[in-house]
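Each chain, letter by letter, is given below.
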Amino acid sequence: MGFNIGVEMKKSLLIFSTTALMFFVCKQNSSPIFSVNSYRFIQTGVLSDDYFSSVTMYATQLLNDNYSTHGFITQLKKKFAVLDKIDVAYRPCGTYIMMHTDKPLCCINQDQILTVHNQLFPKDYFSYPLLDSLSHVTIAENCFSKIVPLIPSLLSELPADFNQTYDLELLNEHCLYMRNKQEKTFNIIATATQKKLSPLLAQCALVKKKLAERKDFNAKTNWIADIRFADYIIAYKT
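All residue numbers refer to position in the chain's written sequence, counted from 1. Thresholds applied to this predicted model are a pLDDT of at least 70 for local features of residues and 80 or more for the giving and counting of side-chain atom pairs; totals over whole chains, interfaces and linings are not thresholded and use all residues. As a rule here, side-chain values come from all non-hydrogen atoms in the structure, and water together with hydrogens is ignored.

Draft legend 1. Representation of the nonpolar core. Only buried residues count toward a nonpolar core. Its members are Ala, Val, Leu, Ile, Met, Phe, Trp, Tyr and Cys residues joined through side-chain atoms within 4.5 Å. A 1.4 Å probe rolled over the protein chains alone gives each residue an accessible area, and that area as a share of the maximum for its type sets the label: buried under 20%, exposed over 50%, partly exposed in between. By size, the foremost hydrophobic cluster in this structure holds 30 residues, and its most contacted members are Ile139, Ile151, Leu168, Leu170, Met178 and Ile188. The element that contributes the greatest number of residues to this core is helix 8 (residues 197-213), accounting for four residues. Contacts are assigned to residue pairs with any non-hydrogen atoms lying within 4.5 Å of each other. Dropping the residues within four chain positions of it, Leu170 is found in contact with Val137, Thr138, Ile139, Ala140, Cys143, Ile147, Ile151, Leu154, Cys175, Leu176 and Ala192. Residues Tyr39, Tyr58, Ala59 and Cys107 belong to the second largest nonpolar core, which totals 26 residues. Secondary structure follows DSSP: runs of H or I at least 4 residues long count as helices, runs of E at least 2 residues long count as strands, and numbering of each begins at the N terminus.

As structure tokens, this is what we get:
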């Protein structure tokens, strides 16, 4: 009899423990994010201070409305599409809300930022130190929607230090100007879908060196290196 009682008690304790664990897990996913006096908003430094402030103001409103963790994340990402991921970490000292953004890829037409997920956002969403490190691309308005999807693959073809030397200007998919930042009188023409750009740019650097040795550069002459041909580069004056 004593043995049976012991077995029944163990079963009861097991059922109670399992139920308590299930309740805890469900509560974590559906309950409000603790007290609004014990949370901290954190970002990775990608967003500007002003824009991040608007994000945290809206997030605070959601917390005051007692949204569940899942509901809080869903509503915040719906309101601010630039947020790619939101992590909520519960700690004894408070709740930490980490906001990850869609990674910026380049600046387009001076006022928009293209991200790695091929989304466009206003430039003022992002911090200025970050913007200084991005490539700058100018796209003609009449082909904007057609060219933007080509930008990620185009940038992947370019060398890592490309942004230090050139800005990009796309007149259409067949005419991409690479504007030299230091030597304004030497520019390169390619296509938006050009392959093997890195070795071609290395060849253009040799062409530029030869022209400099011949003293062919002056303030009144612009040189173009056209690399759109299969087996050769055409350099000419304009």
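Now that the structure is up, let's keep going.
Draft legend 2. Local environment of the state of the cysteines. Cysteine sulfur pairs qualify as disulfides if the two atoms are within 2.5 Å. Per the counting criterion, the structure on display carries zero disulfides. The thiol sulfur of Cys107 is not disulfide-bonded, and the nearest other cysteine sulfur, from Cys106, lies at 7.5 Å. For Cys107, a relative accessible area of 1% corresponds to the buried category. Note on Cys175: no disulfide assigned, nearest cysteine sulfur contributed by Cys143 at a separation of 9.8 Å. The exposure class assigned to Cys175 is buried, which follows from its relative accessible area of 13%.

Draft legend 3. Helix 3 (residues 69-79), seen in detail. Taken as a whole, helix 3 has its buried residues at Thr69, Gly71, Phe72 and Leu76. All buried residues of helix 3 lie within an arc of 165° about the axis, which places them on one face of the element. Opposite the buried face of helix 3, by more than 90 degrees, sit the exposed residues His70 and Lys78. By arc we mean the arc of the directions from the helix axis to the C-beta atoms, nothing more.

Draft legend 4. Layout of the layout of surface pockets. Taken as a whole, the largest pocket encloses approximately 160 Å³ of empty space. Elements represented by at least two residues in the lining of the largest pocket include exactly helix 7 (162-165) and helix 8. For the lining of the largest pocket, the element with the most residues is helix 8, which contributes four residues. In this analysis the probe radius is 1.4 Å and the grid spacing 1 Å, with only protein atoms considered; a cavity is a set of points the probe fits into but cannot get out of, a pocket is an open set with protein on both sides within 12 Å along at least five of seven lines, and lining residues have an atom within 4 Å of a point. Grid points are joined across faces, edges and corners, and a volume is the space filled by probe spheres set on the points.

Draft legend 5. Structural detail: the pattern of salt bridges. Every case where a carboxyl oxygen of Asp or Glu lies within 4 Å of a side-chain nitrogen of Lys or Arg is listed as a salt bridge. Inspection of every chain in the model, using the stated rule, returns six salt bridges. For Glu169, the salt bridge is made with Arg179, and the minimal N-O distance between the two is 2.9 Å. With Glu169 in strand 8 (residues 166-172) and Arg179 in strand 9 (residues 175-180), this pair connects stretches of sequence that are ten residues apart. Judged by relative accessible area, Arg179 falls into the partly exposed class, the value being 30%.

Draft legend 6. Here's a closer look at the packing of helix 2 (residues 49-64) against helix 3. Geometry is summarised by axes, namely lines fitted to C-alpha atoms with helices restricted to the contacting stretch, and by angles between N-to-C directions that run from 0 to 180 degrees. Across the interface, helix 2 lies against helix 3 with an axial gap of 10 Å and an inter-helix angle of 145°. Note that helix 2 runs across helix 3; the crossing there is right-handed. For the pair helix 2 and helix 3, contact is made by Val55, Tyr58, Ala59, Leu62 and Leu63 and by Phe72, Gln75, Leu76 and Lys79, respectively. Basically, the charged four are Asp, Glu, Lys and Arg, the nonpolar ten are Ala, Val, Leu, Ile, Met, Phe, Trp, Tyr, Cys and Pro, and anything else, Gly included, counts as polar. Taken together, the residues of the contact of helix 2 with helix 3 break down into seven nonpolar, one polar and one charged. For any helix crossing, the convention is left-handed if the near helix is rotated counterclockwise from the far helix by under a right angle, and right-handed if that rotation is clockwise.

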